[in-house]
Amino acid sequence: ALGLNNSCGYGRAFVPNNGCASELGRRCSGEWVRGDRAACTRCALEANLSLCGRCPNPPCVPRSIERWCQGYHNFTTGVSCATAAGGPAVYEDNLFADFAVSKVQDHPSTATPLFVFFALHAAHTPLQAREDVLSQFDFIASRGDKPEHTRQVYATLISEADRVVARLVQAFKGRGLWNNTLHVFLSDNGGPSYLNGTSGANNYPLKGGKMSNWEGGIRVSSFVSGGFVPSARRGTMYRGLVAAFDFYAILVGLAGGNTSDPAAAEAQLPSVDALDLSASLFGLSGGVERTELVIGTQDASVQNVAGLLWVSPSPTGVPQLFKLLTGLVNQDAHSGPLSPNATENATLQFPPAPADEYTRNCTTQGCLFDVSTDIGERKDLVAEPDLAGVVAFMLARLRVARNSSLVRTAGTTDEGACVAAQARGGYWGPWLK
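Anyway, here's the lowdown on the structure attached to this text. Keep in mind the model is a prediction, meaning the values are calculated, not measured.

Thresholds, definitions, all that
- Residues numbered from 1 in each chain as written.
- Predicted model: local features only at pLDDT ≥ 70, side-chain atom pairs only at ≥ 80, totals over all residues.
- Heavy atoms only, no water.
- Patch = residues over 30% accessible without salt bridge, like charges linked within 9 Å, V, L, I, M, F, W, Y side chains within 5 Å.
- Areas by Shrake-Rupley, 256 points an atom, 1.4 Å probe, with all protein chains shown as cover.
- Salt bridge = Lys/Arg side-chain N within 4 Å of Asp/Glu carboxyl O.
- Helix = DSSP H or I, 4+ residues; strand = E, 2+ residues; numbered from the N terminus.
- Buried < 20%, exposed > 50% of the residue type's maximum accessible area, 1.4 Å probe, protein only.
- Pairing = 2+ DSSP bridges.
- Axes fitted to C-alpha atoms, helices over the stretch in contact; angles between N-to-C directions.
- Parallel < 35°, antiparallel > 145°, perpendicular 65-115°, else oblique.
- Contact = heavy atoms within 4.5 Å.
- Disulfide = S-S within 2.5 Å.
- Phe/Tyr/Trp six-rings, centres within 6.5 Å; stacked < 30°, edge-to-face > 60°.
- Lys NZ or Arg CZ within 6 Å of the ring centre and 35° of its normal.

Brief notes about a nonpolar patch on the surface
Then step 1. A contiguous nonpolar patch, built from F115, F117, F228, L251 and L254 and spanning about 400 Å² of accessible area, is present on the exposed surface.
Then step 2. Its place among the elements puts F117 in strand β4 (residues 116-119).
Then step 3. Judged by its relative accessible area of 38%, F117 is partly exposed.

In structure tokens, the structure reads:
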């Protein structure tokens, strides 16, 4: 199995305080790399998914970081790209793409299973783009952009993601593996459209964006591809409800395993929320469908549960997808079809504040939307008399979700987590006995 996860968190970097520190600037698993390419590759991959690298003593220390050091452009938010060794560096996602492609090309045979997990960093801050790719989107600057050219740079980052995915697909095809491969592509959240468009993304026609529970924040692009997909399902759209974490159960099921965890059950922990939707996705008989999805929040006072998506049976045979949100919901604003524009929300309060003009108070009774027909969440239906039963049912389901929610309390740094991760070949997992 090959796991590449470079999306460990936000904000400050954590750099291993060891011999690699002078050559490598990174967050968690080599997210930002600079310096000698060979040293970067060695140190980043040896420390893959290990927050503290090789668990040095003392452990991690905050350090300034940057995404790349090639073709630096002053439109971006980065700092000087001078490296300690004075040599060239490489754009981060290309570094990891080189590694992933090499693993595919060196894979021994089509009879041996291969799992590749690649968490792209491209569509994320810092907004830094390669000069040669940035110029392909000059038309955005010419039609009107922020002084920092954030929309143009963001489009460049999406192009970088496209290029990496294309390289991986071609590697599987070139090795003769594509016809028996399931390729899954999805995002973890909507685009960052807050702060008056200065983050570069646009989620039109959806409301809000990343760090909000409107559709622009949680309804994301996703597709499955590859020769494993039945020919009858290619080019079609699955309109059911799917959560990102469902792919855990989907992939485990397709691999012949199951998601049961006797140790967790013995500790009286709930079973995983993931559903194996593979039969439904691929048009096979006997498939299960997801009928509800809990929407989370950082507010522990409501057990980290803020809302619910629920598929309602319909007498017409076409199910409705209702969405109920409670409490304060930020980024209550829409964007236009082109970005930046004058209608983008100008502020971001997180957690949301009642005084913020772009925050809606849905109270404990909730705001209700039929997102099967109103994806922009423009009409609140909570007061509609004929939907009172729907509201009551969904509020009851919210109470059930809150009663079973596991509220995490952040602990202190424990180097035992690093030791356990290294014993697994560089993967996070349980480490307390």
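With respect to the pairing of strand β9 (residues 320-325)
The two faces of the sheet receive side chains in turn, since in a regular strand these alternate between them.
Then step 1. Most of β9 is tucked away, with five of its six residues classed as buried.
Then step 2. Where β9 lies against strand β12 (residues 367-370), four bridges are found, and the strand directions are antiparallel. Note that in β12 the partner of K323 across the bridge is F369.

So, the packing of helix α2 (residues 92-105) against helix α5 (residues 150-174)
Then step 1. Close contact between α2 and α5 brings their axes to 9 Å; oriented N to C, the two are set at 10 degrees. As far as their axial angle goes, α5 and α2 are roughly parallel. On α5, the residues touching D93, N94, A97, D98, A100, V101 and V104 of α2 are E160, V164, R167, L168, A171 and F172.

Topic: the environment of E215
Then step 1. Within the secondary structure, E215 is located in helix α6 (residues 215-218).
Then step 2. The exposure class of E215 is buried, given its relative accessible area of 4%.
Then step 3. Taking the C-alpha atoms as reference points, E215 and K323, separated by 108 residues in sequence, lie 9.6 Å from one another.

Remarks on the state of the cysteines
Then step 1. The tally for this structure, following the rule as stated, stands at one disulfide.
Then step 2. Between C362 and C367 runs a disulfide, and the two sulfur atoms are separated by 2.2 Å. Handedness of the C362-C367 disulfide follows from its S-S torsion of about -105 degrees: it is left-handed.

Section: the packing of aromatic side chains
Centre-to-centre distance and the angle between the planes together describe a pair of aromatic rings.
Then step 1. Enumeration according to the criterion identifies six aromatic pairs in this entry.
Then step 2. Taking 6.1 Å as the distance between ring centres and 40 degrees as the angle between the ring planes, the aromatic pair formed by F137 and F139 counts as tilted.
Then step 3. Residue F139 is classed as partly exposed on the basis of its relative accessible area of 48%.
Then step 4. Pairwise contacts between aromatic rings join W310, F322 and F393 into one cluster.
Then step 5. K207 extends its terminal NZ or CZ atom over the ring of W214, reaching a point 4.0 Å from the ring centre.

Some remarks on the pattern of salt bridges
Then step 1. As enumerated under the stated definition, the model contains nine salt bridges in all.
Then step 2. A salt bridge links K323 to E377, with the nearest nitrogen and oxygen atoms 2.9 Å apart. Of this pair, K323 sits in strand β9 while E377 sits in the loop between β12 and α10 (388-403); the two residues are 54 residues apart in sequence, bridging distant segments of the chain.
Then step 3. Take K323: its relative accessible area is 0%, and that puts it in the buried class.
Then step 4. The class of E377 is buried, set by a relative accessible area of 0%.
Then step 5. Through salt bridges with shared partners, one network takes in E215, R219, K323 and E377.

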